[in-house]
Every structure is written in structure tokens, then in C-alpha cells.
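# Residue-level structure breakdown
Given next are the chains, with one letter for each unit.
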Amino acid sequence: MSDWNDQTINEFRANEGKVGGPFEGAPLVLLHHRGRKSGREFITPAMYLAHETDPNIVYVFASKGGAPTNPDWYFNLTAAGKATIERGTETYDVTVHEITGPERDRIYGIHAGRYPGFAEYERQTAGIRIIPVLELKR
């Protein structure tokens, strides 16, 4: 996974936030977060959904490719309550807030409608976990 992340990060930075392969045309951010146990700094590529009206808000989805557990970055971001993201050519600090209930379902539904892989992730995790949606606000 680290090699894949490194390749995606390098491509993202070399192409003003755009990458090819399975993420070609998809909106990506790079999440900078610190391990809640290790204290190490990590950078994780993630797809996002821009807020409908507020350009300072994006949503990320802790899908982990439909795995039965949440990704480590989810726990790191929620524990810290803040992070730094790279979006396009900008790097900036954000606060982290988990969206739950009907609002989570609405936002996830919009994203899954645009990117059917996320609908499949939700089917894979049904009855096991609800895929978290995090609001990242500048």
C-alpha cells in the first residue's frame, strides 16, 4: 500500500492535484495526519466530495475499499480533530468533524451516485459497519 500511496502522492504533486489510473478524473486530496499511537506523520490520498455551496468544506469517506474495519487515517483524524490537506495546488489546515445520521446518508448517497465503487463498498460493509463521512473545513 505504501508504494501505491507514494506513487499517487508523487503524481498528484507533479500534476497540480490530478492523477491517472483508477482515480483519473476523480477529485483527490492528500490527508496529512499524525498517528495517534506512533506520533508519525502520514500522508494518505483520498477521494473527496466538495460541499454544494461552501468552497471551504470537503467530505472524505473512510471506505477502506469496502473492508470490514475503518482505515487508520479515520482514527487519526477523528482523534486529532484537525489535519492539513493538499487540494489541487493548495495546502491548508482543516478541522475534522464526523457527519452522522440522515446528513451522513445524504452526503454518502451523492458521492456513491457519482462513483459507483462507493455504493459497492457500502453493500460490502452492510451489517458490519457504517462507512464514516468526515467533514474537513478550512
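Remember, predicted model here, so these are calculated numbers, not experimental data.

A word on the pattern of salt bridges. As enumerated under the stated definition, the model contains eight salt bridges in all. Between R106 and E103 there is a salt bridge, with the nearest N and O atoms lying 2.9 Å from each other. Placement of the pair is R106 and E103 together in helix α3 (residues 101-114), with a separation of three residues, close to one helical turn. You can call E103 partly exposed: its relative accessible area is 34%. Among the salt bridges present, the one from D105 reaches R104, with a minimum N-O distance of 3.1 Å. R104 sits in the buried class, given a relative accessible area of 4%. Beyond isolated ion pairs, a larger network of salt bridges with shared partners links E52, E103 and R106.

Below, the discussion takes up the side chain of E86. Within the secondary structure, E86 is located in strand β4 (residues 82-87). In terms of polar contacts, E86 uses its side chain to reach the side chain of R13, at 2.6 Å.

Strand order in the closed barrel made by the six strands is β1-β2-β3-β6-β5-β4, with antiparallel pairing throughout. Adjacent strand axes in the sheet meet at a mean angle of 45 degrees, parallel and antiparallel pairs treated alike. As defined by bridge partners, strand β1 (residues 28-34) adjoins strand β2 (residues 41-50) across seven bridges and the pair is classed as antiparallel. Of the residues in β2, the one forming a bridge with R34 is E41.

Now for the nonpolar core. Of all hydrophobic cores here, the largest spans 18 residues; its most connected members are Y59, F61, I107, Y108, F118 and V133. Looking at this core, the elements with two or more residues in it are α1 (2-14), β1, β2, β3 (57-61) and α3. Among all residues touching V133, those that are not within four sequence positions of it are Y59, V60, F61, H97, E98, I99, R104, I107 and Y108. Formed by 17 residues, the second largest nonpolar core is a distinct cluster that contains A62, Y74, Y92 and V96.

The next thing to look at is the pairing of β4. With four bridges connecting them, β1 and β4 associate as antiparallel partners. Across the sheet, residue V29 finds its bridge partner in β4, namely R87. Here β4 pairs with strand β5 (residues 90-99) via six bridges, running antiparallel. Within β5, the position partnered with A83 by the bridge is V94. Taken together, β4 and the strand that follows it, β5, pair antiparallel across an intervening segment of two residues, in which G88 is found at a positive phi of about 65 degrees.

Rules and cut-offs
- Residues numbered from 1 in each chain as written.
- Predicted model: local features only at pLDDT ≥ 70, side-chain atom pairs only at ≥ 80, totals over all residues.
- Heavy atoms only, no water.
- Salt bridge = Lys/Arg side-chain N within 4 Å of Asp/Glu carboxyl O.
- Helix = DSSP H or I, 4+ residues; strand = E, 2+ residues; numbered from the N terminus.
- Buried < 20%, exposed > 50% of the residue type's maximum accessible area, 1.4 Å probe, protein only.
- Polar contact = N/O pair within 3.5 Å; in protein donor to acceptor, adjacent residues only side chain to side chain.
- Pairing = 2+ DSSP bridges.
- Axes fitted to C-alpha atoms, helices over the stretch in contact; angles between N-to-C directions.
- Core = buried A, V, L, I, M, F, W, Y, C linked by side-chain atoms within 4.5 Å.
- Contact = heavy atoms within 4.5 Å.

Scope: geometric values only; no functional claims are made or implied.
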